[in-house]
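Structural overview for review
Here is how the chains run, residue by residue.
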Amino acid sequence: MKIKHCINLHKGTTFIFILGLMLVYQNFMLGAWVYLVLHGTYGLLWLLKDQLFPDKQWEQQFPWPIHLLGFGLISLYWIAPYILISRRIEPTVPLIAGAIALNIAGVFLHFGSDAQKYFILKYQPRLITEGFFARCRNPNYLGEILIYISFAMLTMHWLPFVILGGFFGAVFIPNMLKKDRSLSRYADFEQYRENTGLFWPKLFGKKYPTSKDVAKV
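Let us look at the structure shown here. Note that the coordinates shown come from a computational prediction; the quantities given were computed from them, not determined experimentally. All residue numbers here refer to positions counted from 1 along the written sequence of the relevant chain. Per-residue local features are limited, in this predicted model, to residues with pLDDT of at least 70; the limit for side-chain atom pairs, both in listing and counting, is 80 or more; totals at the level of whole chains, interfaces and linings are taken over all residues. Neither water nor hydrogens contribute to the side-chain values; these are computed over all heavy atoms in the structure.

**Here's the deal with helix α6 (residues 139–155)**
Applicable threshold: In this text, helices come from DSSP runs of H or I with a minimum length of four residues, and strands from runs of E with a minimum of two, each type numbered from the N-terminal end. Each residue after the first adds 1.5 Å to the expected span of a helix.
Along its 17 residues, α6 runs 25 Å from first to last C-alpha, staying within 8% of the 24 Å computed at 1.5 Å per residue. Residue M156 follows α6 closely and has a positive phi angle near 55°.

**Examining the packing of aromatic side chains**
To be explicit about the condition: Geometry of aromatic contacts follows a simple scheme: Phe, Tyr and Trp rings, the Trp one being its six-membered ring, pair when their centres are within 6.5 Å, and the pair is stacked under 30 degrees between planes, edge-to-face over 60, tilted otherwise. Relative accessibility decides the category of a residue: with a 1.4 Å probe and only protein chains considered, values under 20% of the type maximum give buried, values over 50% give exposed, and everything between is partly exposed. Any Lys NZ or Arg CZ that is within 6 Å of a ring centre and within 35 degrees of that ring's normal is treated as a charge sitting over the ring.
In this structure the tally under the stated criterion is 18 aromatic pairs. The interplanar angle of 85° and the centroid separation of 6.0 Å between the aromatic rings of F71 and W78 together place this pair among those described as edge-to-face. Overall, W78 belongs to the buried group, its relative accessible area being 12%. A network of ring pairs unites the aromatic residues Y35, Y42, W46, Y77, F111, Y148, F151 and F167 as a single cluster. Over the ring of W46 we find K11, and its NZ or CZ is 4.5 Å from the ring centre.

**Some points on helix α7 (residues 158–183)**
Quick reminder: α-helices carry 3.6 residues per turn. Residues three or four places apart thus point the same way. How we decide: Note on bend: the value at a residue is the angle between axes fitted to the seven residues ending there and to the seven starting there. Only heavy atoms enter the contact rule, under which two residues are in contact if any of them lie within 4.5 Å.
Over its 26 residues, α7 runs 36 Å from end to end, which matches the ideal 38 Å to within 8%, given 1.5 Å per residue. Along α7, the helix axis deviates most sharply at F168, where the bend reaches about 40°. Buried residues along α7 sit against α3 (64–74), α4 (79–86), α6 and α8 (189–194).

**Details of the environment of F62**
Locating F62 in the fold gives a position in the loop between α2 (30–52) and α3. Residues F62 and K2, spaced 60 residues apart in sequence, show a C-alpha to C-alpha distance of 6.2 Å. Those residues in contact with F62 that lie beyond four places of it in its chain are M1, I3 and H67.

**Focus: the pattern of salt bridges**
Selection rule: Only one rule defines a salt bridge in this text: a Lys or Arg side-chain nitrogen within 4 Å of an Asp or Glu carboxyl oxygen.
Taken as a whole and judged by the stated rule, the model has eight salt bridges. Residues K4 and E59 are paired through a salt bridge, measuring 3.2 Å at the closest nitrogen-oxygen approach. Here the residue K4 occupies a position in helix α1 (residues 3–24), and E59 occupies one in the loop between α2 and α3, the gap between them amounting to 55 residues. Take K4: its relative accessible area is 14%, and that puts it in the buried class.

**Observations concerning the nonpolar core**
The line we're drawing: What makes a nonpolar core is a set of buried Ala, Val, Leu, Ile, Met, Phe, Trp, Tyr and Cys residues whose side-chain atoms join them at distances within 4.5 Å.
Counting residues in hydrophobic clusters, the biggest one holds 40 residues, and the most contacted among them are Y35, Y42, F151 and L154. When residues of this core are traced back to their parent elements, those giving at least two are α1, α2, α4, α5 (93–123), α6 and α7. Per-element accounting of this core gives the leading share, nine residues, to α6. Aside from chain neighbours lying at most four places away, what touches F151 is Y35, L38, H39, Y42 and N103.

Below is the structure:
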């Protein structure tokens, strides 16, 4: 069974889970509704993304115990809505506005860069050095972190940030370094790496040439 099925199950049931929390705790305050819309919509968009431009790293086959473990681990993300709704936390309006802005930026980076990567590699496999990847080698991970920071902000609690930090250190960083090792097969990768950030965009300095100026490998 592909690991993506475990992930998709979690993403697809997030809206139901959060709505269930709202019903159980009879919490229909603004903060709960905002969280439901942001996190629930993100899960549904993930399912749409998997249909339109899937990530091949989630196509790997794993036995059932790995799927159960994986579902349990990513379900740690559900602690944030549990804290928010069960404790009836009501974030301030400026905080809600900031979380929404951060969420929009994260969705833009995450899904936009994944789409760019998918369609370029599908029709012309090469080192991608323009667009979302002109200043950052992992804009998709940056976007995903921004999305989950926006969720954590709404809870006004430290635990969701600790969980996000754990995923960043245990999953995101190893995947980014693994990607760098894979891209090192391209002749121009070293020059590209010097002009881009691994996670955070390198906003200053010389811009790396676009694909029109890069030798095809």
